[in-house]
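Chain and residue survey
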Amino acid sequence: MAQVFLSTHPLVQHKLALLRDERTDPKKFRELVREISILLVYEATADLQTEPILVQTPLGRAEGRRLLEKVGLVPILRAGLVMVEGAWQMLPGAEVWHIGLSRDERTLQPVEYYSRLPVSPTVDVCLVLDPMLATGGSAVAAVDILKRWGARRIKFVGIIAAWPGLNRFTQTHPDVPVYLAAVDDHLNEAGYIVPGLGDAGDRMFGTG
Ligand code: PRP
Ligand code: URA
């Protein structure tokens, strides 16, 4: 049974409304994507394993904890790139593995144009990053690639999904938890999430 975590946190919801707003310019849009990504990655990493350590403070020894697991951040190009910037602030030691997928505007099928993973997995958990899950084709394809590669623990961190694509994703990959800020109602005839936020890649890179 797939797990879907929908953040109702006031900061996430406040920033999401600004992100959706058509008046938000690319600079502010990127800033909001980074900030929302930090907040969602915080949730997505809540079950990472740690081990106890002792640290010397100026006044004595304190018990602390150290992360045990190696995390790989896997942005789906292009729009996942800005999510990495936020996620990396929280996980500065994470490896970043890019997957290039572009949606064919006519068929809405994802076309793979870049993938450069090492021969075998080098991380314990992969966080796939893409702000938009519309038909679900790109998210499904990215997780397919990671599973063929041998990744065993995978999580998907997005910002907005649409119900049809989310259902498709959770049915195809029920073992992959999904972290989101919103699930919107439907897709329009061009495959865009409604109300959504428009084309995330174009809005963050100013290419619309
Ligand atoms: C967007 C988005 C997802 C995909 C979602 O990328 O960032 O990757 O579409 O749609 P789907 O769920 O129907 O596959 P796009 O292909 O537009 O590329 P871009 O990020 O380079 O703009
Ligand atoms: N990709 C986007 O950037 N936005 C959508 O609504 C759907 C796919």
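The sections below set out a description of the structure shown in this document. (Residues numbered from 1 in each chain as written. Chains lettered and ligands numbered in written order. Predicted model: local features only at pLDDT ≥ 70, side-chain atom pairs only at ≥ 80, totals over all residues. Heavy atoms only, no water.)

Side note on the overall build of the chain
Rules: Helix and strand definitions follow DSSP, with helices as H or I runs of at least four residues and strands as E runs of at least two, each counted in order from the N terminus. Just to be clear, the radius of gyration here is over C-alpha atoms, and the globule rule we use is 2.2 Å times residues to the power 0.38. Partly exposed residues are those whose accessible area sits between 20% and 50% of the maximum for their type, while under 20% is buried and over 50% is exposed, using a 1.4 Å probe and protein chains only. Whether two residues are in contact is decided by their heavy atoms, any of which lying within 4.5 Å being enough. Computed with the Shrake-Rupley method and a 1.4 Å probe, the accessible areas treat only the protein chains shown as cover for residues. Residues scored as positive are Lys and Arg, those scored as negative are Asp and Glu, and His as well as the terminal groups of each chain are ignored. To locate a charge, take atom NZ for lysine, CZ for arginine, CG for aspartate or CD for glutamate.
A tally of helices and strands in the chain yields 6 helices and 15 strands. A globule of 208 residues ought to have a C-alpha radius of gyration of about 17 Å, and the chain, at 17 Å, matches this closely. With the principal axes as the frame, the chain shows a C-alpha extent of 65 × 40 × 30 Å. Relative to its full complement of 208 residues, the chain shows a buried share of 47%. Contacts spanning at least 24 positions in sequence make up 63% of the contacts within the chain whose residues lie at least 6 apart. Entry remark: accessible area of the chain is about 10900 Å², with carbon and sulfur atoms responsible for 53%. Taking the average place of the 22 positive charges on the side chains of the chain and the average place of its 24 negative ones, the gap between the two points comes to 4 Å.

Thoughts on the pattern of salt bridges
The cut-off we apply is this: Within this document, salt bridges are pairs made up of a side-chain nitrogen of Lys or Arg and a carboxyl oxygen of Asp or Glu, the two lying within 4 Å of each other.
Under the counting rule described, the total for this entry stands at 12 salt bridges. Ionic pairing is found between lysine 155 and aspartate 47, a salt bridge with its closest N-O pair at 2.8 Å. In this pair, lysine 155 is assigned in strand 10 (residues 153–157) and aspartate 47 in the loop between helix 2 (26–44) and strand 2 (50–57), connecting sequence segments 108 residues apart. The exposure class of lysine 155 is buried, given its relative accessible area of 4%. In this structure, the salt-bridge partner of arginine 66 is glutamate 51, at a minimum N-O distance of 2.8 Å. One end of the pair, arginine 66, is in strand 3 (residues 60–67); the other, glutamate 51, is in strand 2, with 15 residues separating them in the sequence. For glutamate 51, a relative accessible area of 25% corresponds to the partly exposed category.

Points about the packing of aromatic side chains
One pair of aromatic rings is described through two measures. These are the centre distance and the angle between the planes. Our working rule: The pairing test for Phe, Tyr and Trp rings, Trp by its six-membered ring, is centres within 6.5 Å, and the orientation test on the planes gives stacked under 30 degrees, edge-to-face over 60, and tilted for anything in between.
Inspection of the entire model under this criterion finds 2 aromatic pairs. Judged by centre distance (4.6 Å) and plane angle (5 degrees), the ring pair of phenylalanine 5 and tyrosine 179 falls under stacked. In this pair, phenylalanine 5 sits in strand 1 (residues 4–6) while tyrosine 179 sits in strand 12 (residues 178–180), placing the two residues 174 residues apart along the sequence. With a relative accessible area of 36%, phenylalanine 5 lands in the partly exposed category. Since its relative accessible area comes to 6%, tyrosine 179 is described here as buried. For the pair phenylalanine 156 and phenylalanine 169, a centre-to-centre distance of 5.5 Å together with 45 degrees between the ring planes defines the contact as tilted.

Some details on the side chain of glutamate 95
The condition that has to hold: Pairs of N or O atoms within 3.5 Å make up the polar contacts considered here, provided that, within protein, one atom can donate a hydrogen while the other can accept it, and that residues adjacent in sequence are counted only when both atoms are side-chain atoms.
Counting through the fold element by element, glutamate 95 comes out in strand 5 (residues 95–96). Among the polar contacts made by the side chain of glutamate 95, one reaches the side chain of tryptophan 97 at a distance of 2.9 Å. Apart from residues lying up to four places away in sequence, glutamate 95 is in contact with Lys70, Val71, Gly72, Leu73, Thr122 and Val123.

Some thoughts on the site of ligand 2
To keep it simple, the criterion reads: When we say a residue is near a molecule or strand, we mean one of its heavy atoms is within 4 Å of it. Classification convention: Asp, Glu, Lys, Arg as charged; Ala, Val, Leu, Ile, Met, Phe, Trp, Tyr, Cys, Pro as nonpolar; all other residues, Gly among them, as polar.
Around ligand 2, the surrounding shell consists of Arg103, Met132, Ala134, Gly191, Tyr192, Ile193, Gly198, Asp199 and Ala200. With respect to ligand 2, the backbone of isoleucine 193 contributes an N or O atom lying 2.8 Å from an oxygen atom. In this structure, alanine 200 approaches ligand 2 through a main-chain N or O atom, which is 2.8 Å from an oxygen atom. Residue classes in the shell around ligand 2 are distributed as 5 nonpolar, 2 polar and 2 charged.

Topic: the site of ligand 1
If you check the shell around ligand 1, you find 15 residues, and the closest are Arg103, Asp130, Ala134, Thr135 and Ser138. Between ligand 1 and alanine 79 there is a distance of 3.1 Å, counted from an oxygen atom to a backbone nitrogen or oxygen. Here an oxygen atom of ligand 1 sits 2.8 Å away from a polar atom, N or O, in the main chain of alanine 134. Of the residues contributing to the shell around ligand 1, the split by class is 5 nonpolar, 6 polar and 4 charged.

A few points about the sheet that holds strand 13 (residues 182–184)
Definition in use: A pair of strands is treated as paired once DSSP finds two or more bridges between them. Helix axes are fitted to C-alpha atoms over the stretch in contact, other axes to C-alpha atoms as well, and angles between N-to-C directions run from 0 to 180 degrees.
As summarised here, the arrangement of the 3 strands in space is 9-11-13, forming an open sheet in which the pairing is parallel. The sheet terminates laterally at strand 9 (132–133) and strand 13, the two strands that pair on one side only. Note that strand 9 and strand 11 (residues 160–162) share 2 bridges and pair parallel. Its bridge partner being in strand 11, methionine 132 is matched across the sheet by isoleucine 160. Packed onto the sheet, helix 5 (residues 163–172) meets strand 9, strand 11 and strand 13 and runs at close to 90 degrees relative to strand 11.

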